[in-house]
Amino acid sequence: MILSGWGRYPVLDAAVHAPRSFAELREDVRAAQSVIARGNGRAYGDSAINTAATIKTQHLNRMLAFDPDIGQLIAEPGVLLGDIIAAFLSRGWFLAVAPGTKFVSLGGAIAADVHGKNHHKDGSFRTCVDWVDVMDAQGAVTRCSALENPVLFDHTLGGMGLTGVITRAAIRLRPVESAWMVQTTQPAANLEAAMDLFEANPDASYSVAWIDCLATGSTKGRSLVTLGEHARLTDLPEDRARAAFDVPDNRTWAVPFDAPGFALNKVTARAFNALYYRRGSRKSGQQITNWDSFFFPLDAILHWNRIYGRKGFAQFQCVLPLAASYAGLSALLSAISKAEVGAFLAVLKRFGPQTSAFSFPMEGYTLALDFPVNARTLRLLSELDRITLDHGGRFYLAKDARMSADVFAASDKRIEAFRAERQGNGWQNSFASAQSRRLNL
Amino acid sequence: MTKSPVLILGARSDIGKATAHAFAALGHPVQLAARNADTLKADQSDMVLRHNVAVSLHEFDVLDLATHAAFVDGLPEMPDVAICVVGLMGEQSQNEQDLDAAVRVMRSNYEGPAHILAEFANRFEVRGSGTLVGVSSVAGERGRATNYVYGSAKAGFSAFLSGLRNRLAGKGVHVVTVLPGFVETKMTEGMDLPAPLTTTPDHVAQALVDAVERKVNIIYIKRTWRYIMMIIRAIPESIFKTRKI
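Residues numbered from 1 in each chain as written. Chains lettered and ligands numbered in written order. Predicted model: local features only at pLDDT ≥ 70, side-chain atom pairs only at ≥ 80, totals over all residues. Heavy atoms only, no water.

Caption draft 1: Quick peek at the overall build of chain B. Along chain B, the regular secondary structure elements total nine helices and nine strands. The C-alpha atoms of chain B give 18 Å as radius of gyration, which agrees with the globular expectation for 245 residues (18 Å, within 12%). Taken along the three principal axes of its C-alpha coordinates, chain B extends 55 × 40 × 35 Å. Scored against the burial criterion, the 245 residues of chain B give a buried share of 49%. Sequence separation of at least 24 residues holds for 70% of the intrachain contacts in chain B that already meet a minimum separation of 6. Per element, the accessible surface of chain B, about 11500 Å² overall, is 55% carbon and sulfur. Within chain B, one finds 26 positive and 25 negative side-chain charges whose respective centroids are separated by 7 Å. (Helix = DSSP H or I, 4+ residues; strand = E, 2+ residues; numbered from the N terminus. Rg over C-alpha atoms; globule rule 2.2 N^0.38 Å. Buried < 20%, exposed > 50% of the residue type's maximum accessible area, 1.4 Å probe, protein only. Contact = heavy atoms within 4.5 Å. Areas by Shrake-Rupley, 256 points an atom, 1.4 Å probe, with all protein chains shown as cover. Lys, Arg positive; Asp, Glu negative; His and termini not counted. Charge placed at Lys NZ, Arg CZ, Asp CG, Glu CD.)

Here is the structure:
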């Protein structure tokens, strides 16, 4: 079966299994030389593809138990985060950590240890995971948590599926009073102003910035910084407060076909970015918005990956340590604007401290953006890799599709320890992806 | 207002599960019937958590005709809608040589489903209300070399449903015939299906719910199938028999 990630690059032909029961899953794992689990295919590159055996968890998607006293949900790995919201928001519970799309599976969220707009305050997905059940190559399942089998737990969170197949997990949801968000948007004229806004608002529950990667000179790094809080009943007008979980369904649009290659270029991208900034600046200030628009604006455009055309696109996401963030971001922005490629969607976010063996975040700033795949952008991406390395940064494996093993090894000192654990526990031969082979993990 | 219960016969199948979810999402309590019903516990808890409705499990074997009456009488509540999703395709090549296998396919797609729906039909008729749904197949519209064992059983089932509908039309009982074309399920896994003619269990379930609510008689899941089958039925036998279709 032909598989690719959300970025539709690279495209690989893989043997795919889609077990419908725990017993079938065990058979599939035991029968294969090596496997990787695949949830909803939202990793951008080749993280969830193993040409020998890719195991889709789409049918293992049952919610098994919920304890309302502590907000703990036990579920199978194929459950989508959006399903959890659909089932529990109306009962007053929301995800404790919500990544940029609700179409991510629970297993994928754990394997990539995803982060959200609250990372500066609450950390990565790991902080809401009570325990995880992981299946080894023989089909035996081990439960791990911060206290029980902590080595397995540490390496499974952020381990990109390379420690085994997640079969179940228990996560904590957060209580909320409504399905609405109080959102404040502030324009920042340049990178420095944007970072100042993040630093001035450490107590905001959520913070994120859209950043114009193509602006230059005194406007380099101009941004729209958005802060958010879950709306309390007292924040809402009376009629809304009476039905605080009734929000209209967001209208969705589907991109019906692949855009032609020329649709996205430096001119359209520059115009889009300038327009977006002007519009955002005019509309700045406080507003009440629903959870879906606040957390998952791109989900409203189904198949938005098609706007990059048939060849697909590549995401770049790095994090830079706090001390080097300004210099590093500045250098990255200069390189991006100079390369004159069409970069539409760029996001800047302040990370807080992070504990883990192999998860992506570290305290500092993360920059994420996507490019259509072509020779010029692949060259630019290599340059961005180098700048990130020069400033002590590292890369998000869930977004990566093309990094070299050398670059990755230079970016992350933890790789040696991770490799050693893979060898020592017998994971290396049994659990592998096209990405783990490319990066020699 | 509490909604009326919906029974799914063959609840382990992909279409069965999707249908149960679709009715549960509308607030209907659901009864899941299958062999080894207790292996559906994860699905039961999932439906309860997602849709906040009552979900019960019931042991049911479509081939064990002698147990059907007791099965129906043993249900905690007589359902308002009884849906039979049971089906078995088998391998045509095997069905040609191994006649026991062929009989099993025939019984699983016709005799068993017709028998259990007949049990419900009689009770619904007495009650004067209810809906019976049979998931048959476009394969029953004309026998073809590639799957006529399965197709003939589905043809029998479709005719049975049509007759049942005719019989019960004035009795307050409605009968829906569902004719899916290609559906991405366990049954078709690994087959190379043409994307424009292939649908998903969720789409089948939505169409089925819609047909029950609007009392539609016969539904194809993708409209194209209606026209394809119209053409296939219209080809003269003298030509049809020499073609690979």
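After presenting the structure, the write-up continues.
Caption draft 2: Broad picture of a positive patch on the surface. On the surface, a cluster of positive charge is made up of A:Arg278, A:Arg279, A:Arg282 and A:Lys283. Structurally, A:Arg279 can be placed in helix H8 (residues 266–282). (Patch = residues over 30% accessible without salt bridge, like charges linked within 9 Å, V, L, I, M, F, W, Y side chains within 5 Å. Salt bridge = Lys/Arg side-chain N within 4 Å of Asp/Glu carboxyl O.)

Caption draft 3: Here's a closer look at the interface of chain A and chain B. Listed as interface residues are 16 residues of chain A and, on the opposing side, 13 residues of chain B. Interface of chain A and chain B: buried area, both sides summed, is about 1100 Å²; carbon and sulfur atoms make up 41% of it. Of all residues in chain A, A:Arg20, A:Arg62 and A:Met63 bury the most surface against chain B, accounting for 51% of the area lost on that side. Summed over the shared surface of chain A and chain B, the result is five salt bridges. Note that B:Glu189 and A:Arg20 form a salt bridge whose closest N and O atoms lie 3.0 Å from each other. Across the contact surface, chain A and chain B share ten residue pairs in polar contact (both at pLDDT 80 or more). Contributions of two or more residues to the side of chain A that touches chain B are made by strand S6 (63–67) and helix H2 (81–88) of chain A. Sort the elements by how many residues they give to the side of chain A that touches chain B and S6(A) lands first, with four residues. (Buried area = accessible area lost by both parts, 1.4 Å probe. Polar contact = N/O pair within 3.5 Å; in protein donor to acceptor, adjacent residues only side chain to side chain.)

Caption draft 4: Broad picture of the sheet that holds strand S4 (residues 36–38) of chain A. All names here are of chain A. Read across the sheet, three strands follow the order S3-S5-S4 without closing on themselves; strand pairing throughout is parallel. What marks the edges here is a single partner per strand, and that holds for strand S3 (16–17) and S4. Sheet analysis places S3 next to strand S5 (residues 54–56), joined by two bridges and oriented parallel. Residue pairing across strands places His17 opposite Ile55, the latter belonging to S5. (Pairing = 2+ DSSP bridges.)

Caption draft 5: Seen up close, the domain arrangement of chain A. Residues and elements named next belong to chain A. Under the domain assignment, chain A is made up of domain 1 (59–177) and domain 2 (180–408). Distance from the C-alpha centre of domain 1 to the C-alpha centre of domain 2: 24 Å. Listed per partner, the contact involves 31 residues of domain 1 and 38 residues of domain 2. Where domain 1 abuts domain 2, roughly 3000 Å² becomes buried across the two surfaces, and 61% of that area is made up of carbon and sulfur atoms. Together, Lys117, His120 and Glu177 form the three largest contributors to the area buried by domain 1 at its contact with domain 2, with a combined 28%. Across the contact surface, domain 1 and domain 2 share three salt bridges. Here Asp292 makes a salt bridge to Lys102, at a shortest N to O gap of 2.9 Å. (Domains from an automatic or database assignment.)

Caption draft 6: Highlighting the packing of helix H1 (residues 14–25) of chain B against helix H2 (residues 41–51) of chain B. Residue and element names in this part refer to chain B. Relative orientation of the contacting elements H1 and H2 amounts to 30°, with a least axis distance of 9 Å. On the basis of the axis angle, H1 is roughly parallel to H2. Helix-helix and strand crossings are classified by hand; for H1 and H2 the assignment is right-handed. Residues Lys17, Ala20, His21, Ala24 and Ala25 of H1 form the contact with H2, whose own contacting residues are Asp43, Asp46, Met47, Arg50 and His51. A per-class count over the contact of H1 with H2 returns four nonpolar, two polar and four charged. (Axes fitted to C-alpha atoms, helices over the stretch in contact; angles between N-to-C directions. Parallel < 35°, antiparallel > 145°, perpendicular 65-115°, else oblique. Left-handed = near helix turned anticlockwise from the far one by under 90°. Nonpolar A, V, L, I, M, F, W, Y, C, P; charged D, E, K, R; others polar.)

Caption draft 7: Region of the structure containing the side chain of A:Arg62. Among the structural elements, A:Arg62 can be located in the loop between S5 and S6. Judged by its relative accessible area of 7%, A:Arg62 is buried. In this structure the side chain of A:Arg62 is engaged in a polar contact, spanning 2.6 Å, whose partner is the side chain of A:Glu76. At 2.8 Å, the side chain of A:Arg62 forms a polar contact with the side chain of B:Asp43. Beyond its immediate sequence surroundings of up to four residues, A:Arg62 is in contact with A:Arg20, A:Ala75, A:Glu76, A:Val79, B:Lys17, B:Ala42, B:Asp43 and B:Asp46.

Caption draft 8: Representation of the sheet that holds strand S20 (residues 364–372) of chain A in the model. Residue and element names in this part refer to chain A. Ordered by their spatial adjacency, eight strands build an open sheet running S16-S12-S14-S13-S19-S20-S18-S21, and the pairing between neighbours is antiparallel. Each of the sheet's edge strands pairs with one partner strand only, and the pair in question is strand S16 (285–290) and strand S21 (394–395). Both strand S12 (residues 180–188) and S16 contribute to a ladder of six bridges, which runs antiparallel. The residue bridging Met181 from the neighbouring strand is Thr289, located in S16. Across the sheet, helix H6 (residues 191–200) lies against S12, strand S13 (206–211), strand S14 (223–230), strand S19 (346–351) and S20, angled at about 40° from S19, the strand it touches most.

Caption draft 9: Examining the state of the cysteines more closely. Residue and element names in this part refer to chain A. Evaluation of the coordinates by the stated rule reveals zero disulfides over all chains. With no disulfide partner, Cys128 has as its closest neighbouring cysteine sulfur the one in Cys144, 14 Å distant. Distance from the sulfur of Cys318, which forms no disulfide, to the nearest cysteine sulfur (Cys213) is 10 Å. A relative accessible area of 0% places Cys318 in the buried class. (Disulfide = S-S within 2.5 Å.)

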